[in-house]
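An overview of the molecular structure
Residues per chain, in single letters:
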Amino acid sequence: LGRMKPVIVVHGGAGRIFKEREEGCRAGTVRAALRGYGVLKRGGSAIDAVEEAVQSMEDDPHFNAGCGSVLNEKGEVEMDAIIMDGKTLDSGAVSAVKCIENPIKLARLVMEKTKHMLLTDQGAHLFAQAMGIPEVPGEKLITERSRERWKKNLEPDSNPGEFQKDLGTVGAVAIDSEGNVACATSTGGLSNKLIGRVGDTACIGSGGYADNHSGATSTTGHGESIMKVVLARLILYHMEQGMSPEVAADTALDYMKTRVGGLGGVIVVNKAGQWAARFSTKQMAWATVKDDELRYGIYAGEEHVKSLGDALASGGL
């Protein structure tokens, strides 16, 4: 059997990335891609690689996932995450979870330790306890920036929609040397959302989908729009019809925009190891490593290329 060349692609969210946060978002996505690729280079599985990459971004306060998540209407962090294995179509997800640092780890445990695919809120909390996942005070996940934004959105003349443009869901897709694909996506959701609001991230086929027969994708953007068109599965459907990852991504994003007026971004890898990072928003932080070459960008048409050696020597960027 010909060994696949492993590939990882990550995104740090689609939307508008404020100037002062650009460097941090770039560095954080690059760091995540390098960490995920490290797993693949050591012969690790795609599922381990995407979990590692997403965990790296959950721990980075620049992103709206894990620490740094936006706050709901009550000023609390409620997070969603999903992971999926393209070999078996097994998937695990959690929604509206509080007080844990890495929802993606919990999603992985749902996939591996239960017969279920999605646990929510209180049930997810009990399961986390049973699995020995340490609880952290909710405050520990709240950054100054998230609190500031929450307050701004509470003002009577505010338009939370304005701020939603800076979304920051995180995700990763990978193919390993065995040719297995996987995806992972994690988010804090929408700023000032209703308590209990769950977006596309935790929904299989919307926030992510992975199938060895076609490929894997992770999405970001306006959750309700993504759910309406089941964006992740739609992209894979287009690839099954023979489209390249790039054309499939653009076609699906274009459909979401024309049909429901929704903007977003996606990362894709197909079963042959071809990848794409595409978005209809102003920006999306993304990074990929393939053939020991790192590529990354934030703006449309922007693509920096570095050898893996150079990237690792400079600690990423």
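Residues numbered from 1 in each chain as written. Predicted model: local features only at pLDDT ≥ 70, side-chain atom pairs only at ≥ 80, totals over all residues. Heavy atoms only, no water.

It is worth spelling out the state of the cysteines at this point. Across all of its chains, the model carries zero disulfides by this definition. C25 takes part in no disulfide bond, and the closest cysteine sulfur, belonging to C67, lies 14 Å away. With a relative accessible area of 2%, C25 lands in the buried category. The thiol of C203 is not disulfide-bonded; the next cysteine sulfur, from C183, is found 13 Å away. The exposure class assigned to C203 is partly exposed, which follows from its relative accessible area of 24%. (Disulfide = S-S within 2.5 Å. Buried < 20%, exposed > 50% of the residue type's maximum accessible area, 1.4 Å probe, protein only.)

Attention now goes to the UniProt feature "binding site: substrate" (unreviewed entry) in the protein. UniProt records the feature "binding site: substrate" (unreviewed entry) for R197, V198, G199, D200, T220, G221, H222 and G223 in the present numbering. Inspection of the secondary structure puts T220 in strand β8 (residues 215-221). With sequence-adjacent residues up to four places away left out, T220 is seen in contact with H11, G13, A14, T169, I226, G264, G265 and M284. For T220, the side chain forms a polar contact with the main-chain nitrogen of A14, separated by 3.0 Å. Looking at the element boundaries, H222 is found in the loop between β8 and α7 (223-229). (UniProt positions renumbered as here; feature names shortened; annotations may be inferred. Helix = DSSP H or I, 4+ residues; strand = E, 2+ residues; numbered from the N terminus. Contact = heavy atoms within 4.5 Å. Polar contact = N/O pair within 3.5 Å; in protein donor to acceptor, adjacent residues only side chain to side chain.)

In this section: a nonpolar patch on the surface. A cluster of nonpolar side chains, contributed by M117, L118 and I204, occupies part of the molecular surface with about 250 Å² of accessible area. Within the fold, M117 resides in the loop between α3 (103-113) and β4 (118-120). (Patch = residues over 30% accessible without salt bridge, like charges linked within 9 Å, V, L, I, M, F, W, Y side chains within 5 Å. Areas by Shrake-Rupley, 256 points an atom, 1.4 Å probe, with all protein chains shown as cover. Salt bridge = Lys/Arg side-chain N within 4 Å of Asp/Glu carboxyl O.)

Relative to the helices and strands, E51 is located in helix α2 (residues 46-58). By relative accessible area, which is 13% here, E51 ends up buried. The contacts of E51, once residues within four sequence positions are left out, are I83, I104, K105 and R108.

This part is about the sheet that holds strand β10 (residues 275-279). Spatial strand order, β7-β8-β9-β10: four strands in an open sheet with antiparallel pairing. This sheet does not close on itself; its edge strands, each paired only once, are β7 (208-211) and β10. Within the sheet, the average angular offset between the axes of one strand and its neighbour, ignoring direction, is 10°. Across five bridges, strand β9 (residues 264-270) lies against β10 in antiparallel orientation. (Pairing = 2+ DSSP bridges. Axes fitted to C-alpha atoms, helices over the stretch in contact; angles between N-to-C directions.)

Let's shift gears to the sheet that holds strand β6 (residues 181-187). Pairing within the open sheet is mixed, and its nine strands lie in the order β4-β3-β2-β6-β5-β1-β11-β12-β13. Edge positions in the sheet fall to β4 and β13 (304-307), since each of these pairs with one other strand and no more. Strand-to-strand twist in this sheet, taken as the mean axis angle between neighbours without regard to direction, amounts to 10°. Bridging between strand β1 (residues 7-15) and strand β11 (residues 283-290) involves seven bridges; their strand directions are antiparallel. Residue pairing across strands places V10 opposite A287, the latter belonging to β11. Docked against the sheet, helix α1 (residues 19-41) engages β1, β5 (170-175), β11, β12 (293-299) and β13, running at close to 25° with respect to β11.

Attention now goes to the environment of M227. Inspection of the secondary structure puts M227 in helix α7. Between the alpha carbons of M227 and A81 there is a distance of 15 Å; along the sequence they are 146 residues apart. Apart from residues no more than four positions distant in its own chain, M227 is found in contact with V198, G199, D200, C203 and S206.

In this section: α3. Counting buried positions along α3 yields eight of 11 residues, so the element is predominantly enclosed. Those residues of α3 lying buried are P103, I104, L106, A107, R108, L109, V110 and M111. For α3, the secondary structure elements touched by its buried residues are α2, β2 (79-85), β3 (91-97), β4, α4 (121-130) and β6.

In contact at an axis separation of 8 Å, helix α8 (residues 231-240) and helix α9 (residues 245-260) are set at 135° when each is read in the N-to-C sense. It follows that α8 is oblique to α9 by the angle criterion. Here α8 runs over α9; the crossing is right-handed. Residues L231, L234, I235, H238 and M239 of α8 form the contact with α9, whose participating residues are P245, A248, A249, T251, A252, L253, Y255 and M256. Of the residues assigned to the contact of α8 with α9, the class counts are 11 nonpolar, two polar and no charged. (Parallel < 35°, antiparallel > 145°, perpendicular 65-115°, else oblique. Left-handed = near helix turned anticlockwise from the far one by under 90°. Nonpolar A, V, L, I, M, F, W, Y, C, P; charged D, E, K, R; others polar.)

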